[in-house]
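Understanding the architecture of this molecule
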Amino acid sequence: VSQSRYSTEQIDSLANRVADFEVHAAIEQEVLDTLQDQGVAMKKCIAQPGACKLCLANVAVGAIPIGSAFPSGDQAAPFHSRCRCNVAPVNEGE
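My aim in this report is to walk through the structure given alongside it, one point at a time. As the structure is a prediction and not an experimental result, all values here were calculated from the model. (Residues numbered from 1 in each chain as written. Predicted model: local features only at pLDDT ≥ 70, side-chain atom pairs only at ≥ 80, totals over all residues. Heavy atoms only, no water.)

As for the packing of aromatic side chains
Taken as a whole and assessed by the stated rule, the structure comprises one aromatic pair. Here Phe 70 and Phe 79 contribute two aromatic rings whose centre-to-centre distance is 5.5 Å and whose plane-to-plane angle is 75 degrees, an arrangement assigned as edge-to-face. Residue Phe 70 is classed as buried on the basis of its relative accessible area of 2%. (Phe/Tyr/Trp six-rings, centres within 6.5 Å; stacked < 30°, edge-to-face > 60°. Buried < 20%, exposed > 50% of the residue type's maximum accessible area, 1.4 Å probe, protein only.)

Structural notes on the sheet that holds strand S2 (residues 64-65)
The strand order S2-S1-S3 describes an open sheet built from three strands, whose pairing is antiparallel. Each end of this open sheet is capped by a strand with a single partner; those strands are S2 and strand S3 (86-89). Here strand S1 (residues 42-46) runs beside S2; their pairing, made up of two bridges, is antiparallel. Across the sheet, Met 42 pairs through a bridge with Pro 65, a residue of S2. (Pairing = 2+ DSSP bridges. Helix = DSSP H or I, 4+ residues; strand = E, 2+ residues; numbered from the N terminus.)

Focus on helix H1 (residues 8-37)
Compared with an ideal rise of 1.5 Å per residue, which puts 30 residues at 44 Å, H1 spans 43 Å between its outermost C-alpha atoms and is within 8% of the ideal. The complete set of buried residues in H1 reads His 24, Glu 28, Leu 32 and Leu 35. Looking at the buried side of H1, the elements it contacts are S1 and S3. Trailing H1 by a residue or two, Gly 39 shows a phi angle of about 80 degrees, which is positive. (Expected span 1.5 Å × (residues − 1). Contact = heavy atoms within 4.5 Å.)

Observations concerning a nonpolar patch on the surface
Among the surface-exposed residues, Val 23, Ile 27 and Val 31 lie close enough to one another that they form a single nonpolar patch of about 240 Å² accessible area. Along the chain, Val 31 turns up in helix H1. (Patch = residues over 30% accessible without salt bridge, like charges linked within 9 Å, V, L, I, M, F, W, Y side chains within 5 Å. Areas by Shrake-Rupley, 256 points an atom, 1.4 Å probe, with all protein chains shown as cover. Salt bridge = Lys/Arg side-chain N within 4 Å of Asp/Glu carboxyl O.)

Side note on the nonpolar core
The biggest cluster of nonpolar side chains holds 14 residues, and the ones touching the most others in it are Cys 45, Cys 55, Ile 66, Phe 70, Phe 79, Cys 83 and Cys 85. Filtering out sequence-adjacent residues up to four positions away, Cys 55 remains in contact with Cys 45, Phe 79, His 80, Cys 83 and Cys 85. (Core = buried A, V, L, I, M, F, W, Y, C linked by side-chain atoms within 4.5 Å.)

Description of the side chain of Lys 43
Its place among the elements puts Lys 43 in strand S1. Within the structure, the side chain of Lys 43 is placed 3.2 Å from the backbone oxygen of Ile 66, a separation counted as a polar contact. (Polar contact = N/O pair within 3.5 Å; in protein donor to acceptor, adjacent residues only side chain to side chain.)

So this is what it looks like as structure tokens:
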């Protein structure tokens, strides 16, 4: 039996990060699908306090068409591991 070079805590931490990312991605994809089904034309990125430069660049572009990618290349959050951003609809005139 070989010994892992990673501790149980490290493996658990990684597993939790992966699970958090996948759950966040599934939720955001469902939000995006629902917005499209409802005929929403535009979306925007909502960043949380302390957001990274990648996320702030996604916010900076403002409203984009629902089918377009943000500057990060993603259609919806999460844009990276530990991302706390969300995608929101843009109302007309906003």
